[in-house]
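Architecture and fold: a report
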Amino acid sequence: MPDYGDLDGTIWFDGRMVPWREAKLHYLTHGLHYASVVFEGERAYDGRIFRLRDHTDRLFEGAEILGYKIPFTKDEIDQACYEVLAANGLRDGYLRPAAWRGSDKLGLSPGGASVHVAIAAWAWPSYFSPEQKMKGIRLTHAPWRRPAPDTAPTRAKASGLYQICTLSKQQAEAQGFDDALMLDYRGFVAEATGANLFLAIDGKLHTPIADCFLNGITRQTVIDLARAKGVEVIERHIQPQELAQAREAFLTGTAAEITPIAEIGEYRFTPGALCSLIIKDYHRATHAG
Ligand code: PMP
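Bear in mind the structure is a predicted one, so any value in this text is a computation, not a measurement.

Topic: the pairing of strand β13 (residues 233-236)
Where a strand is regular, its side chains alternate between the two sheet faces. Bridge count between strand β12 (residues 204-208) and β13: four bridges; the pairing is parallel. Residue His206 lies in a different strand from β13, and its bridge partner there is Ile234. Following the backbone out of β12, through helix α6 (residues 217-228) and into the adjacent parallel β13, one traces a crossover that is right-handed.

Set out below in structure tokens:
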């Protein structure tokens with residue numbers, strides 16, 4: 001694992017390109033103490049950032065939900081994403097834009113605090129070949145649940161919401177698993193710690209309604225791709241014991257792309273035709289144009 005603060009490269013920071021190691025914040029940054037951070041995870045394929053404007057829209061919407069305004073236009077942020085890619089000599093890679101409240105106001109009442117934005121990009125290939133991927137990853141059950149929409153700003157990709165994800169992921173890995181399945185506050189199946197879930201039951205895809213967790217951009221893409229192929233997609237509340245009916249299961253996310261699952265706790269899956277179809281179509285969609 002690299003130290004992400006100690007890499008060569010260039011980061012876009014409040015409108016300027018700065019050397020990677022100089023992209024620093026003050027200790028009393030509001031975002032660090034009170035989680036006033038929204039961020040994105042994007043991928044570039046062959047020089048094109050997949051669904052960039054949708055990511056930028058989500059970043060701006062998240063900032064609005066947290067009560068602040070990003071001091072750039074969406075066009076400026078989109079352009080900056082491409083500039084960061086170019087500055088780091090990347091055509092394929094992962095981008096991490098983030099916005100946060102600065103150090104000029106530290107307290108629960110952040111009115112008037114400055115808002116900062118930065119974008120980093122680095123190479124992050126898919127670690128597994130398609131054949132390896134088809135073996136599937138192993139999930140356990142998470143000890144934490146996704147909160148209700150009136151308990152946390154669940155539509156925002158906000159750093160505060162990731163505390164329960166990092167705790168769940170850390171525990172899963174400590175027990176030898178790859179990831180963990182989180183239920184929601186009602187006890188329905190929700191998602192993994194950083195990716196959405198699909199189940200193949202009787203040749204149809206079932207996925208939880210994204211009413212208290214991120215409606216992933218990859219999730220939305222997969223729903224469209226499956227329907228375009230005539231595969232029925234059903235968004236509904238799913239009880240954990242219904243996992244027993246699923247033949248196949250996979251995760252979707254910008255970083256995870258399409259990742260087949262071999263097990264979730266006591267349930268077993270065999271990645272097959274639907275996983276392969278979605279992997280292929282997602283590859284085609286991300287590499288088109
Ligand atoms: N859920 C969580 C908690 C995530 O962090 C992510 C990754 N951003 C997703 C779902 C998938 O979202 P997307 O497909 O937009 O990357």
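What about the domain arrangement of the protein chain?
When the domains of the protein chain are assigned, the result is domain 1 (10-122) and domain 2 (130-286). The gap between the C-alpha centroids of domain 1 and domain 2 is 26 Å. The partner domain 2 presents 20 residues to the 20 residues of domain 1 that form the contact. Contact with domain 2 buries surface across domain 1, with Phe39, Tyr45 and Arg58 losing the most and accounting together for 32% of the total. At the boundary of domain 1 with domain 2, the tally comes to two salt bridges. For the pair domain 1 and domain 2, the interface holds nine residue pairs in polar contact (both at pLDDT 80 or more). Residue assignment for the side of domain 1 that touches domain 2 shows that the elements contributing at least two residues are β3 (37-39), β4 (42-45) and α2 (52-65).

A short note on helix α5 (residues 163-174)
Side chains that are three or four residues apart share a direction in an α-helix, a result of its 3.6 residues per turn. Compared with the 16 Å implied by 1.5 Å per residue over twelve residues, the 17 Å span of α5 between its first and last C-alpha is a close match. Structurally, α5 contributes buried residues whose contacts are with β8 (137-146) and β9 (179-184). Positive phi appears at Gly176, one or two residues downstream of α5, with a value of about 90 degrees.

What about the environment of Pro260?
Structurally, Pro260 is set in strand β15 (residues 257-264). On the accessibility criterion, Pro260 (0% relative accessible area) is buried. Measuring from C-alpha to C-alpha, the distance between Pro260 and Leu197 comes to 9.8 Å, with 63 residues separating the pair along the chain. Those residues in contact with Pro260, other than ones at most four positions away along the chain, are Lys133, Met134, Gly136, Ile137, Ala249, Phe250, Pro271, Cys275 and Ile279.

Comments concerning the packing of aromatic side chains
Throughout the structure, instances matching the rule amount to eight aromatic pairs. Taking the centre distance of 4.5 Å and the plane angle of 65 degrees together, the rings of Tyr94 and Trp124 count as edge-to-face. Here Trp124 lies in the loop between β7 (115-122) and α4 (130-133) and Tyr94 lies in strand β6 (residues 93-101), a separation of 30 residues in the sequence. When its relative accessible area of 5% is taken as the criterion, Tyr94 is described as buried. Connected via pairs of aromatic rings, a cluster forms that spans Tyr4, Tyr94, Trp122 and Trp124.

Observations regarding the site of the ligand
What surrounds the ligand is a group of 15 residues, the closest being Tyr162, Glu191, Ile217, Thr218 and Thr254. Separating an oxygen atom of the ligand from a side-chain N or O atom of Arg58 is a distance of 2.9 Å. At 2.4 Å, a side-chain N or O of Tyr162 approaches an oxygen atom of the ligand. Within the complex, 95% of the 390 Å² of free accessible area of the ligand lies under protein. At the level of secondary structure, the elements contributing two or more residues to the shell around the ligand comprise α6 and β14 (248-253). Tallied by class, the residues present in the shell around the ligand amount to four nonpolar, eight polar and three charged.

Quick notes on helix α7 (residues 273-286)
The terminal C-alpha atoms of α7, which comprises 14 residues, lie 20 Å apart, in line with the 20 Å expected from a rise of 1.5 Å per residue. All of the buried residues along α7 are Leu274, Cys275, Ile278, Ile279, Asp281, Tyr282, Ala285 and Thr286.

Conventions used here
- Residues numbered from 1 in each chain as written.
- Predicted model: local features only at pLDDT ≥ 70, side-chain atom pairs only at ≥ 80, totals over all residues.
- Heavy atoms only, no water.
- Pairing = 2+ DSSP bridges.
- Helix = DSSP H or I, 4+ residues; strand = E, 2+ residues; numbered from the N terminus.
- Right-handed = clockwise from strand over helix to strand, strands pointing away.
- Domains from an automatic or database assignment.
- Contact = heavy atoms within 4.5 Å.
- Buried area = accessible area lost by both parts, 1.4 Å probe.
- Salt bridge = Lys/Arg side-chain N within 4 Å of Asp/Glu carboxyl O.
- Polar contact = N/O pair within 3.5 Å; in protein donor to acceptor, adjacent residues only side chain to side chain.
- Expected span 1.5 Å × (residues − 1).
- Buried < 20%, exposed > 50% of the residue type's maximum accessible area, 1.4 Å probe, protein only.
- Phe/Tyr/Trp six-rings, centres within 6.5 Å; stacked < 30°, edge-to-face > 60°.
- Near = heavy atom within 4 Å.
- Areas by Shrake-Rupley, 256 points an atom, 1.4 Å probe, with all protein chains shown as cover.
- Nonpolar A, V, L, I, M, F, W, Y, C, P; charged D, E, K, R; others polar.

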